[in-house]
Every structure is written in C-alpha cells, then in structure tokens.
Amino acid sequence: SSTAPAPAPARPLPYEAIPRSGRNAWLNLLRFWRSNSFQRFHLVMQRNFQRYGPIYRETVGTYNCVNVLLPRDAAQLFQSEGIFPRRMGIESWVAHRRLRNHKCGIFLLNGEEWRSDRLILNKEVISPAGTRKFLPFLNAVAQDFVTLMHRRISKNTRRSLTIDLYGDLFRFTLEASSYALYGERLGLLEESPNAESQRFISAVETMLRTTLPLLFIPPGLMRWVNTKLWRDHIEAWDTIFKHADKCIQNIYQEFCLGQPRKYSGIMAELLMQAELPLDSIKANITEFTAGGVDTTAMPLLFTLFELARNPSVQTAIRREIAEAESQGPRELSKVLNSMPLLKSTLKETLRLYPVGITVQRYPTKDVVLQNYCVPAGTLCQVGLYAMGRSPEVFSNPERYDPLRWLSKEDNSFKALAFGFGARQCIGRRLAETEMMLFLMHVLRNFRIDTVSKADIKTVFGFILMPEKPPLLTFRPID
Ligand SMILES: C[C@@H](NS(C)(=O)=O)c1cncc(N2C(=O)c3ccc(Cl)cc3C2(C)C)c1
C-alpha cells in the first residue's frame, strides 16, 4: 500500500519568535544587579526553562543569548561550531592582561592563535600519552592526602575526624596540579603549609568572586562604578601571576643549567619541546595553575557528600576498588580504567553539580534549534545545571545514581560538564585522573559519613560551589 508522504518539516519559525525572558535588557540588568541574581544564575536559568520551555532568549545589559537545555539541541549547536569554536570572552581578564602586558592563554584566545597553542598543549596536557606521564605524580599526592588524614585522626581518641574539608581540598588540588605542571611539591599537605601558596589559593578565590559582577558589565564602566571591586580583581590577578612566575622561574633556571633527563612535569616538557615561546608557556601554565584549584576541589566535595548520604553507592565503589586492586600490581592507568562505577560517580556528580554551569558557542552558520532559526554569530548556551536536573533528560533526576551512566540508555550529549569537541576543557584528563585517584585512596582508607542528609544549596561564583560547605566525618577502615 502506498505510504502517506511524511509531513514536510514545519518551516523554522523566525528568530524573533523565540520566547524571551523579561522585556527590557537594562531593566533586567538592574533587577539582576539589585537582587544579586548573579549568584543564582543557574537557578534563574532553570526556572526560565520551566516557564518558557526548552529554548528561550535572554538579554541582560549588553549580553544577549539563546538558551537551550536538550541534548539534541546541544548536538545541533556543536555541529555548527566550525574549526575555531568560540565562547563568550571575559573582558575583565583580557583587560588585566593588557594592563600588565601579559599574553593570553588558550582560554582567552580565539581563531588561529587559539588553535595553534591548543594543538601544541594537547600533547602534554590532555593526550593519553601525556596523562600517563603525570598520573604517578597525582597518585603520590593523593596518597599523601590519606597520610595527612590518618595523622590527624591518630591525634584524637575518637578514631574519627569530622571536619570542613574545604581548605584541605583546595590544598590537595593545588598540590596535585602544581606537581603535574611544575614537577615540584609545594608541601601544602604537611603540618605547616607555606603561606605564599595559601595566599595564592585565596587570590584565585578573590579573582573568581570579583569576576562574577564584572561578567555582565563592560569593565570600562566597572572601573568607575565600583573601583574597589576593580582594584581587588587586579590585585588578585597580580598575586596569581606572581606565584606562577616564581614556579616557572625555578624550572626555567634548572632547565637552562641542563635539561632534566627524566619526565619532570608538563612545564618542563613544553620547555624542552620549545614549540611554544616562553611567554606563551607562561600564559597557559598560569591559566592551568589557577584553573586547576577550585574547579577540581568542588566536585570532590560534592562527591564525598553524596557518597556520605548514599552509603550503598559508597559500599559498591569500595568493592570495585578492592576488586581492581586484587588484580595484582598493574600500570595505574589500567587500574583506573577498570573502575567504571567510580568514573560514573564523577559523571553523576557533574550532572547535579556542573562546575561550569553552561557551555557557550557562537554558531558559524545559521542553525535550527527547537524549530527556530538562529542566525550565525548569535551567542547560544547549553544550560548544564538545568539539563542535569531535567526530568525530560534524566529519569528521577534528583536521585544520585551513578549506575544510570552504565545502562544501555543513549547518553549522547548528556555528559557535557567538560564541554565538547576541539575546544572542550583541556584540563579534563588532569581533573578526572586527579579526582579518581583521590577517591580511590580515600574510599579505600575511610568510611565517609555526614549528619545532614539535606540537599546542599549551591551558589554560582564563576564556579558552582556549595553555599555552606558540608561537615564530613572520616572513619578509618581497619
Ligand atoms: C568553571 C569553569 N568555567 S567555564 C570555562 O566552564 O566557563 C572552568 C572550567 N575550567 C577551567 C576554568 N578556569 C578557571 O577556573 C580559571 C581561573 C584562572 C585562570 Cl587564569 C584560568 C581559569 C580557567 C578558565 C582555566 C573554569
């Protein structure tokens, strides 16, 4: 029998017809500014998707953006990113680099400049070969963290330790990423962590906190509206660059005196390859140093909290770790690849607590999203926080269930916490490896518990973070 012709796809609706949140851009900005909505940006987006549907347009100040949350629209968007994918720039960061005559790292570069640096850096930072080289460095630091916790527990008779892990996690991630980058231990996990590195950690926090209000206002205006905010921002940046410069000088000095024979970190490899000029190496290593602290510490805190309030998941992971260990001594990367549940646990944490709450692109050609025609060059972003908690995308979204990632279900374009494609997070392998090794050693040595089973409220401070850090209890496993 003749099959009826498939209905012609409806002609895409015009861009102007996309539902809009709020009418007047400047009124929006004022409202945002007054109600300090920046910190709840992820929740505002989630509510807007519930109100307007899977696509809506937002104009806040000079910022105009199309927001989507479904995997298929993310796929459409990435298909039109071109060979020089671009996300929204951060004016205030670029302004600082110009002020101090520093080069920009790949995060701030675009076009050919970005691509040439990125391809060179990929080999040492995100490639499997590069990852295998720095993996033992991360493992040593994860083991030292466990030693530090045992030392603290042995100091009290209760044989348990209840602490706010915030500060310790920042010290762990800075110690680990610095060791992988510079091949040098900062000594942050010893009794008296040195003050200079502590100052660096708080400078990264200050810089991120002061970035937020600057995101939506042109810094030219900002300098006059709120000079203290601007001054704090610049001061924090100067501290960050001074710290990174000191680490780089140490390595550069030794390198000039004689090339190290064995692998001594990402920075030394880049110096030896000499494919990037020194000022480009400095600009990128500084980004990696600062970008490797909060971004990796937060998901660890959220994972420990979720495992504390989901003891059955915690037990299942502990069993997987024991199983992986019982296969006898193997190369560490093979051990990590034999722990799918642990890897899915990280995915589950990043689904509910995506460090970067959105992924942004400017499509290079017109793209159809939710049957609307979006012109090339329009800023579009995928709301990761809203997607991760949308019942349209994930069944029982509120349930912390890492096994969902191991089911036969089609999860394509659902795990976007590290972005997508050629411009995805270059620190992805460093972060994943660091977090897996940390959790492997911590879970093998301690049972994690928490009193409060209530959800953690999150705030957006350029990084998604807990409003109040949870209190966790560590009990040694004899
Ligand atoms: C949170 C998320 N935002 S995103 C990229 O998705 O919009 C993110 C993901 N990966 C890395 C970062 N970084 C930082 O935290 C940071 C600090 C100081 C500098 Cl000099 C460079 C950075 C980068 C951009 C590497 C931020």
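Rules behind the numbers
- Residues numbered from 1 in each chain as written.
- Predicted model: local features only at pLDDT ≥ 70, side-chain atom pairs only at ≥ 80, totals over all residues.
- Heavy atoms only, no water.
- Patch = residues over 30% accessible without salt bridge, like charges linked within 9 Å, V, L, I, M, F, W, Y side chains within 5 Å.
- Areas by Shrake-Rupley, 256 points an atom, 1.4 Å probe, with all protein chains shown as cover.
- Salt bridge = Lys/Arg side-chain N within 4 Å of Asp/Glu carboxyl O.
- Lys, Arg positive; Asp, Glu negative; His and termini not counted.
- Charge placed at Lys NZ, Arg CZ, Asp CG, Glu CD.
- Buried < 20%, exposed > 50% of the residue type's maximum accessible area, 1.4 Å probe, protein only.
- Near = heavy atom within 4 Å.
- Helix = DSSP H or I, 4+ residues; strand = E, 2+ residues; numbered from the N terminus.
- Nonpolar A, V, L, I, M, F, W, Y, C, P; charged D, E, K, R; others polar.
- Polar contact = N/O pair within 3.5 Å; in protein donor to acceptor, adjacent residues only side chain to side chain.
- Contact = heavy atoms within 4.5 Å.
- Expected span 1.5 Å × (residues − 1).
- Pairing = 2+ DSSP bridges.
- Axes fitted to C-alpha atoms, helices over the stretch in contact; angles between N-to-C directions.
- Parallel < 35°, antiparallel > 145°, perpendicular 65-115°, else oblique.
- Left-handed = near helix turned anticlockwise from the far one by under 90°.
- 1 Å grid on protein atoms, 1.4 Å probe; cavity = no way out; pocket = protein on both sides within 12 Å on 5 of 7 lines; lining within 4 Å.
- Points joined across faces, edges and corners; volume = space filled by probe spheres on them.

Taken together, the side chains of R31, R40, R47 and R51 present a region of like positive charge at the surface. Judged by relative accessible area, which is 52%, R51 ranks as exposed.

Bringing the site of the ligand into the picture now. Around the ligand, 13 residues are found, and the nearest of them are F107, M207, W237, A290 and G291. Starting from 560 Å² of accessible surface for the ligand in isolation, the protein chains cover 82%. Going through the elements one at a time, helix 4 (91-100) and helix 12 (278-291) are the ones with two or more residues in the shell around the ligand. Broken down by element, the shell around the ligand gets its largest block of residues, 3 residues, from helix 12. Looking at the shell around the ligand, its residues break down into 8 nonpolar, 3 polar and 2 charged.

Along the chain, E58 turns up in strand 2 (residues 55-60). Side-chain polar atoms of E58 contact the side chain of S21, separated by 2.9 Å. With residues up to four places along the chain from it excluded, the contact list for E58 reads S21, F41, N48, Y63, N64, C65 and N67.

What follows covers helix 2 (residues 41-52). Here helix 2 is 12 residues long and its end C-alpha atoms lie 16 Å apart, about the 16 Å a rise of 1.5 Å per residue gives. Within the span of helix 2, buried status applies to F41, H42, V44, M45, Q46, N48 and F49. Among the residues trailing helix 2, G53 stands out with phi positive, at a value near 105 degrees.

Strand order across the open sheet formed by 3 strands is 4-12-9, with antiparallel pairing between neighbours. Looking at the sheet topology across the chains shown, the edges are occupied by strand 4 (161-163) and strand 9 (446-449). On average, each strand axis in the sheet is inclined to that of its neighbour by 25 degrees, with strand direction left out of account. Strand contacts of helix 6 (residues 128-154): strand 4, strand 9 and strand 12 (472-476), with the helix running at about 110 degrees to strand 4, the strand carrying the most contacts. Contacts from helix 18 (residues 428-445) reach strand 9 and strand 12 within the one sheet, and its direction differs from that of strand 9 by about 95 degrees.

Relative to each other, helix 8 (residues 195-215) and helix 10 (residues 227-256) sit at 140 degrees, their axes nearing to 8 Å. It follows from the interaxial angle that helix 8 and helix 10 lie oblique. Considering only the axes of helix 8 and helix 10, their crossing is left-handed. Contact residues: E196, S197, R199, F200, A203, V204, T206, M207, T210, T211, P213 and L214 in helix 8; L229, W230, D232, H233, A236, W237, T239, I240, H243 and K246 in helix 10. Tallied by class, residues from the contact of helix 8 with helix 10 come to 11 nonpolar, 7 polar and 4 charged.

What follows deals with the pattern of salt bridges. Throughout the structure, instances matching the rule amount to 26 salt bridges. D245 is the salt-bridge partner of K282, the closest N and O atoms lying 3.2 Å from each other. Placement of the pair is K282 in helix 12 and D245 in helix 10, with a sequence separation of 37 residues. Judged by its relative accessible area of 30%, D245 falls in the partly exposed class. In this structure, E348 engages R404 in a salt bridge whose closest nitrogen and oxygen atoms are separated by 3.0 Å. A residue pair is termed long-range when its members are at least 10 positions apart, and E348 in helix 16 (residues 340-352) and R404 in the loop between helix 17 (384-388) and helix 18 qualify at 56 residues. Grouping residues by exposure puts E348 and R404 together as buried. Overlapping salt bridges, with partners in common, bring together K343, R428, R429 and E432 in one network.

The volume enclosed by the largest pocket comes to roughly 340 Å³. Lining the largest pocket are 17 residues; nearest its centre among them are Y385, R389, D455, I456 and T458. Tallied by class, the residues present in the lining of the largest pocket amount to 7 nonpolar, 2 polar and 8 charged.

Under the definition given, this model contains 2 cavities of 30 Å³ or more. Within this model, the second largest cavity holds a volume of roughly 30 Å³. What lines the second largest cavity is F394, S395, R404, E409 and N411. Of the residues belonging to the lining of the second largest cavity, the class tally is 1 nonpolar, 2 polar and 2 charged.

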